[in-house]
Amino acid sequence: MKKTFLKDVLLKPKNLENLPVLMLSQTKLQLFKFASLNILPKPLHLSTSSRTTTISCISLLKKCKSMQHLKQIQTQILITRLHQSGDVLNKLMVCCTDPSIGNLHYAERIFNYIDIPGLFIYNLMIKAFTKNGSFRKAVLLFGQLREEGLSPDNFTYPFVFKAIGCLGEVREGEKVYGFAVKSGLEFDTYVCNSLMDMYAEVGKLENLKQVFEEMPERDVVSWNILISGFVKCRRYEDAVDGFRLMQRQSSLMADEATVVSTLSACTALKMLDLGKEIHRYVSEKLGFTIKIGNALVDMYCKCGHLSIARQIFYDMPIKTVICSTSMVSGYVNCGQLDEARELFERSPVRDIVLWTAMINGYVQFNRFDEAVALFREMQIKRVCPDRFTLVALLTGCAQSGTLEQGQWIHGYIDENKIKIDTVVGTALIEMYAKCGFIEKSLEIFIGLQEKDTASWTSIICGLAMNGKTSKALEFFSEMEQTGIKPDDITFIGVLSACSHGGLVEEGRNHFTSMTKVYRIEPKLEHYGCLIDLLGRAGKLDEAEELIEKIPNVNNEVIIPLYGALLSACRTHGNVEMGERVAKRLVGIDSGDSSVHSLLANIYASADRWEDVTKVRRKMKKLGVKKVPGCSLVDVNGIVHEFLAGTASHQK
């Protein structure tokens, strides 16, 4: 019966001739065909008398709950010829673009049949495209709107700026803002807020600040965009300054978004005092929400105040997987792996981030067997790992030198067609290099479509640790030529390569380049590499002089550096310097067995056996025991540890 009705409407000319001139006049036949092709369901049984008014159709659309229901109402609209009503058409498009009821593709097809859409419908479609991620379509529709001679309003611009921000097209955004200025909306709060949000999205913070400072009126959203924009671009100090400025200059109360963004900055900066101040504000004035609770738990965990985080966590009426992950990570960071696992097991919902946090905790504390076992359990529960899970496992393989496990994970990546991007690729390069399979590391590095600082650094460090000195320096030179800026870890690899290759002059030059050209402040590891290089080359005086020139030196830095120099004294038989260095070290840390052992070995090399005996007696008197060496052996995927001079292993 439905098809007969549609056929009569479509095929009998007299029916079409009787229709009045409608808003859809030029395409009414197409619209009826569109209804026919979509096989609209049986219309609702409404009276077609004068009582079937625009109001009744709008009322039906307001009550619409599904796409099926929507199509029934649309059929009735066509039958009663109410598609000529702007109000009805507007409400129909509202329903079509509502993701909980309609379908954007369906809305787009209806939109394409409308001869002259009004601004309201354009705004609906731009908003729907932006929220759906169809940013290019939203921007194109804005251009079409202007070509039709319509003037965008302050409901149009926010979603256009959002789409442009997601596309990263700053110039297009500034052009659109020019249209807003011509429309007299340059100081409209909604427009300015959306423009600021666009600048935040593309990282143009100076532009964001300029718009903010020129705004005659700011609402709480304006302040939130300023603070969250700084947080998004990792300008945490500026985010905190923005929050303080809001407290001083504005009578507006911070809301949930303000609190969450500022707490993120506090977490990054470890600003516990400000975090506690915000906590008090929430308790006394604002009130807790799930998002605020999550942010507070995360802040306290990362600032090392696990007891407060635990109290907030257990007081939360609804515990989301986000706050569970924060607590698990907090326990892990404090080395409380058993408590972390207990909470992990109690969590009602476990997403991939929570699984990864627990696996990473085991890797971090060298409990690699448990990390692998948990990964197996994850697979049994059909939870798909992401790249960060696999990177954590590959890091564990690299630390323990378990090549077989690493190869199995690499096979898993290939079998499941997981893209080897810079993150996964870097982890694979490092794993194979630390397991001594440097040829495979090179193969993966060459195969990477994109190479960032981390991937270049991993191959340079890998080549250095595998004795490929020339190749490591060659890759570093190539890295510089490609315009990728090396970081402090890159220079550890470069200096290590120079040390292994005995390239003293090159090592000095790279150390100078690091500080003078790249403005990288040398760390303990850099000084250690250079002292090791000088020590291997027998330039002990220069090495000692370098240590004495290190600015703001403390015991954490001085002990390993003098330890490296003491080791070089033993290699070159420099007893005088060895005694001098050893006395300095013993004065700082008398309980370090390596210092006493090295000094005893220096005396032994010089046949000064009485001094050897004195050192060993002193060790006994101080209760200093030599830490035994250990070896890790991978047998059938299980890592076994053997201590030197003991038979403690069960086999």
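The present account deals with the structure reproduced in this document. (Residues numbered from 1 in each chain as written. Predicted model: local features only at pLDDT ≥ 70, side-chain atom pairs only at ≥ 80, totals over all residues. Heavy atoms only, no water.)

**Concerning the packing of helix H18 (residues 290–302) against helix H19 (residues 306–315)**
In a packed pair of helices, the relevant descriptors are the angle between the two axes and the axis-to-axis distance.
Consideration 1: The interhelical angle for the contact between H18 and H19, taken along N-to-C directions, is 160°, at an axis separation of 7 Å. Regarding the angle of H18 to H19, the classification is roughly antiparallel. For the pair H18 and H19, the crossing hand works out as left-handed. Along the contact surface, H18 presents Gly-293, Leu-296, Val-297, Tyr-300 and Cys-301, while H19 presents Leu-306, Ile-308, Ala-309, Ile-312 and Phe-313. (Axes fitted to C-alpha atoms, helices over the stretch in contact; angles between N-to-C directions. Helix = DSSP H or I, 4+ residues; strand = E, 2+ residues; numbered from the N terminus. Parallel < 35°, antiparallel > 145°, perpendicular 65-115°, else oblique. Left-handed = near helix turned anticlockwise from the far one by under 90°. Contact = heavy atoms within 4.5 Å.)

**With respect to the packing of H18 against helix H20 (residues 321–333)**
Consideration 1: Packing of H18 against H20 leaves a shortest axis separation of 9 Å and a crossing angle of 10°. Viewed along their axes, H18 and H20 adopt a mutual orientation that is roughly parallel. Counting all contacts with H18, which are made through Asn-294, Val-297, Asp-298 and Cys-301, the residues of H20 involved are Ile-322, Cys-323, Ser-326, Met-327 and Gly-330.
Consideration 2: Taken together, the residues that form the contact of H18 with H20 break down as five nonpolar, three polar and one charged. (Nonpolar A, V, L, I, M, F, W, Y, C, P; charged D, E, K, R; others polar.)

**With respect to the environment of Val-176**
Consideration 1: Relative to the helices and strands, Val-176 resides in helix H11 (residues 170–182).
Consideration 2: You can call Val-176 buried: its relative accessible area is 1%.
Consideration 3: A C-alpha to C-alpha distance of 8.1 Å links Val-176 and Tyr-157, two positions 19 residues apart in sequence.
Consideration 4: For Val-176, the contacting residues outside a window of four places in its chain are Phe-142, Tyr-157, Val-160, Phe-161 and Ile-164. (Buried < 20%, exposed > 50% of the residue type's maximum accessible area, 1.4 Å probe, protein only.)

**Some thoughts on the packing of aromatic side chains**
Consideration 1: Counting across every chain of the model gives 17 aromatic pairs.
Consideration 2: Note on Phe-375 and Tyr-412: the rings are 5.7 Å apart at their centroids and 75° apart in plane angle, and the pair reads as edge-to-face. Separated by 37 residues along the polypeptide, Phe-375 in helix H23 (residues 368–380) and Tyr-412 in helix H25 (residues 403–415) bring together distant segments of the chain.
Consideration 3: For Phe-375, a relative accessible area of 2% puts it in the buried group.
Consideration 4: Through pairs of rings, three or more aromatic residues link up here, namely Phe-142, Tyr-157, Phe-161 and Phe-179.
Consideration 5: Sitting over the face of the ring of Phe-179, Arg-146 holds its NZ or CZ atom 3.6 Å from the ring centroid.
Consideration 6: Positioned over the ring face of Phe-445 is Lys-451, at 5.2 Å from the centre of the ring. (Phe/Tyr/Trp six-rings, centres within 6.5 Å; stacked < 30°, edge-to-face > 60°. Lys NZ or Arg CZ within 6 Å of the ring centre and 35° of its normal.)

**Remarks on the pattern of salt bridges**
Consideration 1: For the structure on display, the rule yields 24 salt bridges.
Consideration 2: Two residues, Arg-536 and Asp-532, come together in a salt bridge whose shortest N-O distance is 2.9 Å. Linking Arg-536 with Asp-532, this pair stays in helix H32 (residues 524–536), spanning four residues, or about one helical turn.
Consideration 3: Look at Arg-536 and you get partly exposed, because its relative accessible area is 48%.
Consideration 4: One salt-bridge network, held together by shared partners, links Arg-341, Glu-345, Arg-350 and Glu-377. (Salt bridge = Lys/Arg side-chain N within 4 Å of Asp/Glu carboxyl O.)

**Brief notes about the nonpolar core**
Consideration 1: Grouped together as the largest cluster of nonpolar side chains are 168 residues, with contacts concentrated most on Met-125, Tyr-157, Met-327, Val-328 and Leu-565.
Consideration 2: In terms of residues, this core owes the most to one element, helix H8 (residues 119–132), which gives eight residues.
Consideration 3: Once you skip the residues sitting within four places of it in the chain, Leu-565 turns out to touch Ile-531, Leu-540, Ala-543, Glu-544, Ile-547, Met-577 and Val-581. (Core = buried A, V, L, I, M, F, W, Y, C linked by side-chain atoms within 4.5 Å.)

**What about the environment of Ala-568?**
Consideration 1: Position of Ala-568 relative to the elements: it lies in helix H34 (residues 555–572).
Consideration 2: Separated by 29 residues in sequence, Ala-568 and Lys-539 have C-alpha atoms that sit 9.3 Å apart.
Consideration 3: Excluding its chain neighbours within four sequence positions, the residues that come into contact with Ala-568 are Gly-535 and Leu-540.

**Remarks on the side chain of Thr-156**
Consideration 1: When you line up the elements, Thr-156 lands in the loop between helix H9 (135–147) and helix H10 (157–167).
Consideration 2: By relative accessible area, which is 1% here, Thr-156 ends up buried.
Consideration 3: Discounting residues that sit within four places of it in the chain, Thr-156 has contacts with Leu-119, Asn-123, Ile-126, Phe-142 and Leu-145.

Spatial relationships are all this shows, so hold off on functional conclusions.
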